[in-house]
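Chain by chain, the residues:
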Amino acid sequence: MSSLPPGFLLFLGSFLVPLFRGKWRAAYMLALPVMSFLHLMGLPAGFTHELELFDYTLTVARVDSLSMVWGVIFHLAVFLNVIYGLHVKDNVQLVCGPLYGAAAIGAVFAGDLISFFLFWELTSLSSVFLIWASRTQRAFRTGMRYLIFQVGSGVALLAGVIFHVNDTGSIAFDHLGVGTLGTNLIFFAFAIKCAFPLLHMWLKDSYPEATTTGAVWLSAFTTKLAVYALARAFAGTEALIYIGAVMTAFPIFFAVIENDLRRVLSYSLNNQLGFMVVGIGIGTAMSINGTAAHAFCHILYKALLFMSMGAVLHRTGTVKASELGGLYKSMPWTAAFCVIGAMSISAFPLFSGFVSKSLILSAAAENHHIVVWFVLVFASAGVMEHSGIKIPYFAFFGHDSGIRCKEAPPHMLLAMGITAALCILLGVFPETLYAILPYKVEYSAYTSSHVVGQLQLLFFSMLAFAFLMRSGIYPKELRSTNLDFDVVYRRWIPGLFRALAPIGRFLWSTLIDGGKSIVVLVMGAGRTLCSPRGFFGRTAQTRNTVLEVAVILAVLLILYYA
Amino acid sequence: MDDEKKTYWLDDPKNVTLLVRVLYGVCGLLFVVGFFTMSDHVHFDWESWPAFYGIYGFLSFTFAVLVGKQLRKVLMRKEDYYDE
């Protein structure tokens, strides 16, 4: 039992979910992450589990301070997701959710690149079913696009690992650093799953099309696993500082005008990943701590926000800002939990985002990244815009849509309640979070200048919102699709192919016609040669045969005596 | 449902105005408090300006919204743009 790798119980256990029904299933599914977590806690520090495979020694499990942060929060996320999804009866989702979580847990504890690759692929394959489970034509196509990106990342990873092992002979999953073809390919694989700019489209494309519960599952694992992988292998890579800064900023503009609130949350997720990537790029003990802490807090408040929007979708059938408003009258608890999530992501003092994001900002300031620091503070105001205000305001307040529905089901409220409580607890008692971070760092987020500065940033942002709303400048929520970079492969490239079709048809018909005429020529020649009067068709005459035999005998005679 | 007839505190525009005035008050207060607190433990000089974060926040927020609004002119399409 104690020699099993972390997450293994959850992995095996998830396949048995369909054997249970009703309350037994609920109890079994809740027990899975709890048992798996207790097993992880029972492992000794520095635990490793090795396996011989052909010529390689695979380190299937390696428990250290970095992997532990992700191990803990992934277990917590599985547990909260199971509660939130207790109404689900679809076996596909019931199996794939925990399996996806187990794959992510397996990946963060993988000590070698081969096991890591296998878990990396398993997260892709298990998660796509959470999108397909919507069972619409639209979700099917989105799932296919999602899978192309995810498997593409897996192929890049595998290719990179092969080159890397060829170069170094080592399969260890430790710091790699960019530079060789192998490590660059691995970096690219991580970049896809971490939704770097111009590789980000799969995220905002697929998460909003998943089921109500599926989106909550998806929000927790894939991208944070990529953050972990980058922190493990590419900490201190300077390019990440600038890539991360761009990631924090550009989704903000898209989020302002996006109508689908789960898509707004997807852009917001992308923006939050940016903060973590900056922390990895700086690469100091403080900034890596910041990234780990931010990943931890982020999984909770982002799950909370996706849960609240999922509850709205569950009850009203839509999460379009243009259709919603005034829902606090029908769903007061959901509204309250959503506001707590919004305050956490906006980093209000006493909420979780405040104690984690400030580590990254302080690290950027300490290392004199002035421009990046300004971008990050700008992005913090941007977070206030799309997640702090837009999500709760347009769903629950603002113009009353007249929609009256029931409050979210009790189990959803319970999941949201626990998550909300955790967001506040982490904000009030940051030491508990700091204690499990990879490095020992003396840090206090609660200095008077920091608290007042952050409050100024947030309240003056609200002031700007009030001003823009009251003066009518704030853009109305409209039913619309906004183009993002995915238009390139969803419209432009197919359009180009359609435009080039006549040329293709011409070339094809030339090829076919040319081929046909060659066939006709060969057939004609064959017919001529084999006809009764043709070369092969003629009947040989006796005198010719006698002559031929005489010639052969003469040749034999000469050869015999020669 | 009697729920529909029920009026809520926020339904009255006067109360919304009141909330906005409270917001003005809080912002004013934070501005004043900034004079006393923004000197300890800062990395950059400008962080110690009493209202640096307030002004930068206000401008950032407005900038994000205005740029987003302009982006609509270039990026906005019909809702069923990608549907066949």
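Quick notes on the rules
Residues numbered from 1 in each chain as written. Chains lettered and ligands numbered in written order. Predicted model: local features only at pLDDT ≥ 70, side-chain atom pairs only at ≥ 80, totals over all residues. Heavy atoms only, no water. Axes fitted to C-alpha atoms, helices over the stretch in contact; angles between N-to-C directions. Helix = DSSP H or I, 4+ residues; strand = E, 2+ residues; numbered from the N terminus. Left-handed = near helix turned anticlockwise from the far one by under 90°. Contact = heavy atoms within 4.5 Å. Nonpolar A, V, L, I, M, F, W, Y, C, P; charged D, E, K, R; others polar. Patch = residues over 30% accessible without salt bridge, like charges linked within 9 Å, V, L, I, M, F, W, Y side chains within 5 Å. Areas by Shrake-Rupley, 256 points an atom, 1.4 Å probe, with all protein chains shown as cover. Salt bridge = Lys/Arg side-chain N within 4 Å of Asp/Glu carboxyl O. 1 Å grid on protein atoms, 1.4 Å probe; cavity = no way out; pocket = protein on both sides within 12 Å on 5 of 7 lines; lining within 4 Å. Points joined across faces, edges and corners; volume = space filled by probe spheres on them. Buried < 20%, exposed > 50% of the residue type's maximum accessible area, 1.4 Å probe, protein only. Phe/Tyr/Trp six-rings, centres within 6.5 Å; stacked < 30°, edge-to-face > 60°. Lys NZ or Arg CZ within 6 Å of the ring centre and 35° of its normal. Lys, Arg positive; Asp, Glu negative; His and termini not counted. Domains from an automatic or database assignment. Buried area = accessible area lost by both parts, 1.4 Å probe. Polar contact = N/O pair within 3.5 Å; in protein donor to acceptor, adjacent residues only side chain to side chain. Pairing = 2+ DSSP bridges.

*Asks:* Looking at this model, I keep getting lost on the packing of helix α16 (residues 370–396) of chain A against helix α2 (residues 52–75) of chain B. Mind explaining?
*Replies:* Working note: a packed helix pair is described by the angle between its axes plus the distance between those axes. As a packed pair, α16(A) and α2(B) sit with axes 9 Å apart at the nearest point and diverge in direction by 65°. Remark: the crossing between α16(A) and α2(B) carries right-handed chirality. Seen from α16(A), the contacting residues are W373(A), F374(A), V375(A), V377(A), F378(A), A381(A), M384(A), E385(A) and I389(A); seen from α2(B), they are F52(B), Y53(B), Y56(B), G57(B), S60(B), F61(B), F63(B), A64(B) and V65(B). Here the residues of the contact of α16(A) with α2(B) are counted per class, giving 15 nonpolar, 2 polar and 1 charged.

*Asks:* Please explain a nonpolar patch on the surface as it appears in this structure.
*Replies:* Where nonpolar side chains cluster on the molecular surface, the patch consists of L350(A), I424(A), L425(A), V428(A) and F429(A) and spans about 410 Å² of accessible area. Looking at the element boundaries, I424(A) is found in helix α17 (residues 410–428).

*Asks:* Teacher, can you tell me more about empty space enclosed by the protein here?
*Replies:* Rolled over the atoms, a probe as big as a water molecule pinpoints where empty space is left. All names here are of chain A. Overall, the coordinates contain 3 cavities of 30 Å³ or more when judged by the stated rule. What lines the largest cavity is A347, F354, K357, S358, L361, S380, H450 and Q454. For the lining of the largest cavity, the secondary structure elements donating two or more residues are α15 (352–366) and α19 (448–470). Among the residues forming the lining of the largest cavity, the class breakdown is 3 nonpolar, 4 polar and 1 charged.

*Asks:* I'm lost on the environment of S60(B) in this one. Help?
*Replies:* In this fold, S60(B) is placed in helix α2. Assessed through its relative accessible area of 4%, S60(B) is described here as buried. Residues S60(B) and V16(B), spaced 44 residues apart in sequence, show a C-alpha to C-alpha distance of 24 Å. Contacts of S60(B), omitting those with residues within four sequence positions, involve F378(A) and A381(A).

*Asks:* Can you help me understand the packing of aromatic side chains in this one?
*Replies:* The geometry of an aromatic ring pair is captured by the separation of the ring centres together with the interplanar angle, meaning the angle of the planes. Taken as a whole, this structure holds 52 aromatic pairs over all chains when the rule is applied. An aromatic cluster of three or more residues is present, and its members are W373(A), F374(A), F44(B), W46(B), W49(B), F52(B), Y53(B) and Y56(B). Over the ring of Y81(B) we find R491(A), and its NZ or CZ is 4.4 Å from the ring centre.

*Asks:* Would you mind going over the side chain of R72(B) with me for this structure?
*Replies:* With respect to the helices and strands, R72(B) occurs in helix α2. Put simply, R72(B) is tucked away with no salt bridge, and the nearest opposite charge, on E477(A), sits 4.9 Å away. With near-sequence residues (within four places) excluded, R72(B) lies in contact with I257(A), P475(A), K476(A), E477(A) and L478(A).

*Asks:* So what exactly am I meant to see when it comes to the domain arrangement of chain A here?
*Replies:* Quite often, the size of an interface is put as the accessible area lost when its parts meet. Residues and elements named next belong to chain A. You can read the domains of chain A as domain 1 (1–234), domain 2 (237–479) and domain 3 (490–561). Taking the mean C-alpha position of each, domain 1 and domain 2 sit 24 Å from one another. Counting residues at the interface gives 41 residues for domain 1, matched by 43 residues for domain 2. Contact between domain 1 and domain 2 buries roughly 3,700 Å² in total, counting both sides, with carbon and sulfur atoms accounting for 78%. Three residues stand out in domain 1 for area buried against domain 2, namely V69, L80 and Y84, and they jointly supply 17% of the buried area on that side. Where domain 1 meets domain 2, there are 1 salt bridge.

*Asks:* In this structure, what is going on with the interface of chain B and chain A? I would like to understand it.
*Replies:* The interface of chain B with chain A comprises 55 residues on the first partner and 61 residues on the second. Interface area for chain B against chain A, summed over the two sides, is near 5,400 Å², with a carbon-plus-sulfur share of 69%. For the interface between chain B and chain A, the tally reads 3 salt bridges. In this structure, R479(A) and E79(B) form a salt bridge, with 3.0 Å as the shortest nitrogen-oxygen distance. Here chain B is connected to chain A by 16 residue pairs in polar contact (both at pLDDT 80 or more). Contributing elements (two or more residues each) for the side of chain B that touches chain A: α1 (13–37), α2 and β1 (76–77) of chain B. Counting residues per element, the side of chain B that touches chain A draws most heavily on α2(B), at 19 residues. Grouping the constituent residues of the side of chain B that touches chain A by class yields 32 nonpolar, 10 polar and 13 charged. By the bridge criterion, 2 bridges tie strand β3 (residues 481–482) of chain A to β1(B) in an arrangement that is antiparallel.

*Asks:* Help me out: how do you make sense of the layout of surface pockets in this one?
*Replies:* There is about 1,100 Å³ of room inside the largest pocket. Y393(A), F397(A), F465(A), L10(B) and L19(B) are, among the 30 residues lining the largest pocket, the residues nearest its centre. Mapped onto the lining of the largest pocket, the elements with two or more residues apiece are α14 (332–345), α16 and α19 of chain A together with α1 of chain B. The volume enclosed by the second largest pocket comes to roughly 760 Å³.

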